[in-house]
Amino acid sequence: MMPAPPSLAATMPTPSVPLDPPPQPPGKPGNDECCHSGCTFCVLEMYQEDLAAYEDALRAWQHRQEAAAAASAKGSKPARKKA
């Protein structure tokens, strides 16, 4: 009889801030999606706007992760010095 495999919860690291997934980058338009006729809502311009918003959201997410890690480190007991 084979032993039961370990549960995923036991093998996967827990995120530092649960329920705060990283933002997902926008999908890049294909080479054939732009008609190069100067459309008002050009897919390439919309992609650049979405990409800038994603980069802002990513920086904010990284800042939250760093703040949570710092708060978690503060909450842990400091190592005792050996005399």
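Parameters and conventions
Residues numbered from 1 in each chain as written. Predicted model: local features only at pLDDT ≥ 70, side-chain atom pairs only at ≥ 80, totals over all residues. Heavy atoms only, no water. Helix = DSSP H or I, 4+ residues; strand = E, 2+ residues; numbered from the N terminus. Buried < 20%, exposed > 50% of the residue type's maximum accessible area, 1.4 Å probe, protein only. Areas by Shrake-Rupley, 256 points an atom, 1.4 Å probe, with all protein chains shown as cover.

Visitor: What exactly am I supposed to notice about the overall build of the protein chain here?
Guide: Along its length, the protein chain carries two helices and zero strands. Considering the protein chain as a whole, with its 83 residues, one finds that 12% of them fall into the buried category. Carbon and sulfur atoms make up 61% of the accessible area of the protein chain, which amounts to about 7,600 Å² in all.

Visitor: Would you explain unusual backbone geometry in this entry?
Guide: Trans peptide bonds make up the majority, and among non-glycine residues the majority have a negative phi. Positive phi is not limited to glycine here, since His36 has a value of about 60°. Inspection of the secondary structure puts His36 in the loop between helix H1 (8-11) and helix H2 (43-75). Looking at His36, the relative accessible area reads 66%, which means it is exposed.

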